[in-house]
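Now for the letters of each chain:
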Amino acid sequence: MRHGWMRRGVLIWTGAVVLAVPPVFGQTAGAPPSRTNRGRPMPSEHRRQRQQQYVQGEVVLENGTPAPAHVLIERFCGAGNGIPETHTDSRGRFSFELGKLTGFNPDATQGFATGTPGRAGEELTALSALDRDSGGSGARHLAGCGLRAVLPGFRSTTVELSSRSRFDDPDVGTIVLTPLAGVEGLGLSLVSLRAPEEARKSVEKGARDLEKRKWGNARKHFEKAVQVFPEHAEAWFGMGSAFEKDGKPDHARRAFEEAVAVDPRFVPPRLGLARLDAGEARWEALIERTDRILVMNASDFPEAWFYSSVGNFNRERYPQAERSAREAIARGAETRFPQVVHLLAMSLGYQGRAEEAIAELKRYLEIAQDGKTAPAAREQLAGLEAYVAKQRASAGKPASPPQP
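In this text, all values refer to a predicted model and were calculated from it rather than measured experimentally.

Asks: Just give me the short version of the packing of helix H7 (residues 268-279) against helix H8 (residues 283-296), but keep the residues and values in it.
Replies: If you want to describe how two helices pack, look at the angle between their axes and the distance between the axes. At a minimum axis separation of 9 Å, H7 and H8 run at an interaxial angle of 160°. Regarding the angle of H7 to H8, the classification is roughly antiparallel. Here H7 and H8 pass one another in a crossing that is left-handed. Two secondary-structure elements touch here, H7 through Arg270, Leu271, Leu273, Ala274, Asp277 and Ala278 and H8 through Trp283, Ala285, Leu286, Arg289, Thr290, Arg292, Ile293 and Met296. Residues that form the contact of H7 with H8 fall into these classes: nine nonpolar, one polar and four charged.

Asks: Break down the packing of helix H6 (residues 249-262) against H7 for me, with residues and values.
Replies: Here H6 crosses H7 at 150°, and the two axes come no closer than 8 Å. One finds that H6 runs roughly antiparallel with respect to H7. Seen from above, H6 lies across H7 with left-handed handedness. Contacts between H6 and H7 involve Pro249, Ala252, Arg253, Phe256, Glu257, Ala259 and Val260 from the first element and Pro269, Arg270, Gly272, Leu273, Arg275, Leu276 and Asp277 from the second. Taken together, the residues of the contact of H6 with H7 break down into eight nonpolar, one polar and five charged.

Asks: Summarise the state of the cysteines; cite the residues concerned and give the values.
Replies: Enumeration according to the criterion identifies one disulfide in this entry. Two residues, Cys77 and Cys145, share a disulfide whose sulfurs are 2.0 Å apart. One quick way to see it: the torsion about the S-S bond of Cys77 and Cys145 is about 100°, and its sign makes the bridge right-handed. Taken together, the residues span a long stretch of sequence, with Cys77 in strand S2 (residues 72-77) and Cys145 in strand S5 (residues 145-150) at a distance of 68 residues.

Asks: Hey, could you go over a positive patch on the surface for me, with residue numbers and the actual values?
Replies: A cluster of basic side chains, namely Arg91, Lys201, Lys205, Arg208, Lys212, Lys214 and Lys224, defines a positive patch on the protein surface. At three residues, helix H3 (residues 197-211) tops the list of elements feeding residues into the positive patch. Of note, Arg208 is situated in helix H3. Residue Arg208 is classed as partly exposed on the basis of its relative accessible area, which comes to 35%.

Asks: Lay out the packing of aromatic side chains with the relevant residues and their values.
Replies: Scanning all chains against the criterion turns up nine aromatic pairs. Centre to centre, the rings of Phe306 and Phe337 are 4.6 Å apart; their planes meet at 15°, and the pair counts as stacked. Here Phe306, found in helix H9 (residues 302-314), pairs with Phe337, found in the loop between helix H10 (318-330) and helix H11 (339-349); they are 31 residues apart in sequence, far enough to count as distant. Classification of Phe306 as buried rests on a relative accessible area of 0%.

So, how was this worked out
- Residues numbered from 1 in each chain as written.
- Predicted model: local features only at pLDDT ≥ 70, side-chain atom pairs only at ≥ 80, totals over all residues.
- Heavy atoms only, no water.
- Axes fitted to C-alpha atoms, helices over the stretch in contact; angles between N-to-C directions.
- Helix = DSSP H or I, 4+ residues; strand = E, 2+ residues; numbered from the N terminus.
- Parallel < 35°, antiparallel > 145°, perpendicular 65-115°, else oblique.
- Left-handed = near helix turned anticlockwise from the far one by under 90°.
- Contact = heavy atoms within 4.5 Å.
- Nonpolar A, V, L, I, M, F, W, Y, C, P; charged D, E, K, R; others polar.
- Disulfide = S-S within 2.5 Å.
- Patch = residues over 30% accessible without salt bridge, like charges linked within 9 Å, V, L, I, M, F, W, Y side chains within 5 Å.
- Areas by Shrake-Rupley, 256 points an atom, 1.4 Å probe, with all protein chains shown as cover.
- Salt bridge = Lys/Arg side-chain N within 4 Å of Asp/Glu carboxyl O.
- Lys, Arg positive; Asp, Glu negative; His and termini not counted.
- Charge placed at Lys NZ, Arg CZ, Asp CG, Glu CD.
- Buried < 20%, exposed > 50% of the residue type's maximum accessible area, 1.4 Å probe, protein only.
- Phe/Tyr/Trp six-rings, centres within 6.5 Å; stacked < 30°, edge-to-face > 60°.

What follows is the structure in structure tokens.
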């Protein structure tokens with residue numbers, strides 16, 4: 001039964017993934033500063049020159065194979081959340097300017113060699129140039145900091161940055177990714193690593209066209225890749241993503257299923273199928289699919305927890321929906337899916353935990369005040385607050401539950 005505070009209902013949230021291509025190796029380096037006639041930097045240019053600090057390196061798998069493109073590189077300081085910096089290129093290399101505000105969006109590349117990178121995708125407004133001290137070394141800002149690669153199903157070595165200054169060799173060396181023991185689900189396709197160069201280049205071109213929203217062109221590149229190497233799971237996944245963005249869910253589903261068939265450990269196409277299930281209100285299929293993903297890897301794909309909550313909520317399994325929503329939030333899913341907080345509030349409300357639901361609705365409206373479901377959330381909040389006020393005014397007598 002739908003209660004009065006739920007008159008507007010809950011929308012079904014699905015998300016689309018856009019694949020981006022990282023900058024070409026070394027591309028982040030800016031042009032040399034302009035100079036006066038005497039060849040000296042202008043004052044503002046001198047400050048910028050002093051602040052610039054570049055790093056470069058490479059990422060390899062445990063067996064020495066270069067990591068594929070789009071592995072996320074993040075900076076971390078102490079026990080804080082990772083700060084996304086860049087991705088690897090097609091040869092596993094990376095290069096960037098430390099602390100530069102680039103608008104970099106790690107979630108834009110989900111799929112090719114990455115999954116959702118934990119909390120690395122949150123909006124981090126504290127990013128700034130690292131060389132604001134008078135000495136210009138940046139060491140004070142890098143104390144306790146390091147670099148690591150982020151790839152679901154793998155453990156990364158780290159590179160220390162604490163003692164670095166802008167005068168050091170920018171090459172920080174090699175970061176090694178080792179598969180986690182007992183983890184079945186991965187953010188990259190090991191099968192696709194065997195593809196020949198021609199197929200790999202086609203996938204890179206397809207990813208670039210996806211970034212440019214050229215769905216048809218992207219699909220042609222992915223189709224060429226699977227013609228060359230039919231087991232290229234990442235090409236099948238890219239093809240499904242292009243179909244999905246182009247509004248062709250049936251074609252997308254077939255491509256995602258083919259990706260799963262050729263590499264069952266590759267999780268992103270399973271998440272693609274989960275999105276399609278949610279969009280088509282296939283709740284039992286969604287629950288079954290996300291349950292399987294979470295058995296494969298419960299830690300690295302918060303999107304799976306989110307869609308598990310969506311499926312269970314729509315099957316009126318509110319305790320399960322609550323648990324999945326909390327797991328999704330604990331793993332940072334609300335940064336990409338703020339609706340999960342709304343979903344948690346509704347799951348609590350239907351369990352009769354009105355005050356907890358009110359707290360979560362308020363939190364949702366703080367982080368997504370202009371979201372599509374914000375008007376419904378405001379109406380639900382008002383209804384719940386009125387219900388709780390009525391309970392309190394009844395001198396300890398339970399109030400009748402709000403009616404539709």
